[in-house]
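Chain residues, written in single-letter form:
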Amino acid sequence: MKILVVGGGGREHALVYRLTHGGHEVIAAPGNPGIEAHARCLPVPIEAHARLVELAVSEAVDLVVVGPEAPLVAGLADDLRAKGIPTFGPGAAGAQLEGSKAFSKEFFARHKIPTAPFAVVSTVAEADAAIERIAQIGHGPHSGSGQVVVKVDGLAAGKGVVVASDAAEARAAAREMLEARRFSDAGTRVIIEKRIIGREVSVLALTDGTRLEVLPATEDHKTIFDGDTGPNTGGMGTVSPSWASDALVARIRAEILQPTIAGLAADGIPYRGVLYAGVMVDEAGTPWLLEYNCRFGDPETQPIMARLKGDLGAVLLGAARGEMPVGALAWDPRVAVCVVVAAAGYPGAVRTGDPIRGLDVSTTDVVVFHAGTAHKGADVVSAGGRVLGVTALGISVEQARGKAYGVVDRIELAGKQVRRDIGVRTRLGGVGL
Ligand code: GLY
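Residues numbered from 1 in each chain as written. Predicted model: local features only at pLDDT ≥ 70, side-chain atom pairs only at ≥ 80, totals over all residues. Heavy atoms only, no water.

### Some points on the overall build of the chain
For the chain, the helix and strand inventory stands at 12 helices and 24 strands. Taking 2.2 N^0.38 as the reference for a compact globule, 433 residues should give roughly 22 Å; the C-alpha atoms of the chain span a radius of gyration of 21 Å, in line with that estimate. Each of the three principal axes of the chain carries a C-alpha extent, and together these read 55 × 45 × 45 Å. Considering the chain as a whole, with its 433 residues, one finds that 58% of them fall into the buried category. Nonlocal contacts in the chain, meaning residues at least 24 apart in sequence, comprise 66% of its contacts between residues at least 6 apart. In the chain, which carries 44 positive and 48 negative side-chain charges, the distance between the mean positions of the two groups comes to 1 Å. (Helix = DSSP H or I, 4+ residues; strand = E, 2+ residues; numbered from the N terminus. Rg over C-alpha atoms; globule rule 2.2 N^0.38 Å. Buried < 20%, exposed > 50% of the residue type's maximum accessible area, 1.4 Å probe, protein only. Contact = heavy atoms within 4.5 Å. Lys, Arg positive; Asp, Glu negative; His and termini not counted. Charge placed at Lys NZ, Arg CZ, Asp CG, Glu CD.)

Structure, rendered in structure tokens:
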């Protein structure tokens, strides 16, 4: 097959890596210097929908895989399908599951998908009342510490969420969003929800709108500093498989993913793409859906693609056509650990343009995925907050960590930021090899 992958980050590099290793010809738009090692990259930005559609037509691709959420929310998959191009990624209606948190929370409530109590507000007065009411919900799994989470409705690159330590902080966060307009139109509406205390897991499933192929669960490390401290990022590292047991993943499938597929069908929303469930598991072991993303996770995709065996291209094409084969994928039993190398300043104002050295690593069990890189003269330089995702396979978390950090430590990038504890809390021992 000839496949167009839209995007140019670490997730897309991992997808291109797996698709080309599966024997497919891949072109990428816009791609990045890492993707260039496997695929022809065309300088078409992800916002240029008409040019992307034109590219898919002129290159006569068999399939388009859309990586990032913004073009999905803006309807790129609809535009491609309108030209008869098989596309992996939901249309604008389905992508609202990520594009609007108010839409998604109301969807969860309507279809009885377990999620924290919430309110959607659009004024500071409504926010204050909701914060007081929701903080007092003090029974059952939501008892927690009386804390609430304040989120903007729209897309905010992972930055529009405040886990408030008390009501005053929650009120201040709501004012920043609704009055100071820190997130512009994304913050026209705000969601106030009860904080669920527990442990998070990312469960990604491929779907054609009817069938589900649940991928191995992954554990993300969201904050910038070790020990889960500091501000949130897009993700500083991931481990697959995660701490979540098969029984827990089966429960997430039955209680969250399947009702979602049924709910989408009942609401008349076609969905062909990834359902990425961000799930919080409380102390009693009950999974609660925090949010959906409508695309592959980043950096969840990196360890998943490192472990994937089987023809990913055939499964994505099947999903795009509404006839996804189930059970066609197999998984390397080893553990994959992805350690993100971030630029100085991330997740705040990022310094870019610094040369990166030590990228010439090529082994069968360590891959350096490029996330935010660019060419500058003869150099590859940093060009984004998250720059690289060094991903290693090992027979245990410890072995995979050792290999990943061995490469990370040889990479030279001025002011680089790396969490040293990726996988430490995964506490997964050997995997029986
Ligand atoms: N790793 C978080 C995300 O992909 O949104």
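Having seen it, we continue.
### Observations regarding the packing of aromatic side chains
As enumerated under the stated definition, the model contains four aromatic pairs in all. Centre to centre, the rings of Phe103 and Phe107 are 6.3 Å apart; their planes meet at 25 degrees, and the pair counts as stacked. Note that Phe103 and Phe107 are positioned in helix 6 (residues 101-110) at a spacing of four residues, about one turn of the helix. As far as burial versus exposure is concerned, Phe103 and Phe107 are alike and both buried. (Phe/Tyr/Trp six-rings, centres within 6.5 Å; stacked < 30°, edge-to-face > 60°.)

### With respect to the site of the ligand
Lining the immediate environment of the ligand, one finds Asp220, Gly234, Tyr276, Asn293, Arg295, Gly297, Asp298, Pro299 and Glu300. Here a nitrogen atom of the ligand sits 2.8 Å away from a polar atom, N or O, in the side chain of Glu300. Considering only residue class, the shell around the ligand consists of two nonpolar, three polar and four charged. (Near = heavy atom within 4 Å. Polar contact = N/O pair within 3.5 Å; in protein donor to acceptor, adjacent residues only side chain to side chain. Nonpolar A, V, L, I, M, F, W, Y, C, P; charged D, E, K, R; others polar.)

### A word on the pairing of strand 20 (residues 335-342)
Most of strand 20 sits inside the fold, with eight of its eight residues counted as buried. Here strand 20 shows no split at all, with Val335, Val337, Val339 and Val341 on one side and Ala336, Cys338, Val340 and Ala342 on the other all buried. Judged from the four bridges that link them, strand 15 (residues 237-240) and strand 20 form a sheet pairing that is antiparallel. The partner of Gly237 across the bridge, within strand 20, is Val339. Pairing of strand 20 with strand 24 (residues 386-394), which is carried by eight bridges, proceeds in the antiparallel orientation. Considered in strand 24, the bridge of Ala336 is made with Leu393. (Pairing = 2+ DSSP bridges.)

### A look at the environment of Asp379
Here Asp379 shows up in strand 23 (residues 379-382). The exposure class assigned to Asp379 is partly exposed, which follows from its relative accessible area of 24%. Between the C-alpha atom of Asp379 and that of Gly234, which follows or precedes it by 145 residues, the distance is 26 Å. Non-local contacts of Asp379, meaning those with residues more than four positions away in its chain, are made with Pro355, Arg357 and Ala374.

### As for unusual backbone geometry
Look at the link from Ser240 to Pro241: it is a cis peptide, with omega at 0 degrees. Along the chain, the position of Pro241 falls in the loop between strand 15 and helix 9 (246-266). Cis geometry is adopted by the peptide bond preceding Pro347, which originates at Tyr346 and carries an omega value of 10 degrees. Among the structural elements, Pro347 can be located in the loop between strand 20 and strand 21 (366-370). The backbone of Lys112 shows a phi angle near 55 degrees, a positive value even though the residue is not glycine. Note on placement: Lys112 falls in the loop between helix 6 and strand 6 (118-121). Judged by relative accessible area, which is 71%, Lys112 ranks as exposed. One non-glycine residue, Ser184, lies in the positive phi region at around 55 degrees. Its place among the elements puts Ser184 in the loop between helix 8 (167-178) and strand 9 (190-194). Residue Ser184 is classed as partly exposed on the basis of its relative accessible area, which comes to 44%.

### Remarks on the side chain of Asn32
On the secondary structure map, Asn32 appears in the loop between strand 2 (25-30) and strand 3 (40-41). Overall, Asn32 belongs to the buried group, its relative accessible area being 4%. In terms of polar contacts, Asn32 uses its side chain to reach the backbone amide nitrogen of Gly34, at 2.8 Å. Filtering out sequence-adjacent residues up to four positions away, Asn32 remains in contact with Gly8, Gly9, His13, Cys41, His370, Ala371 and Thr373.

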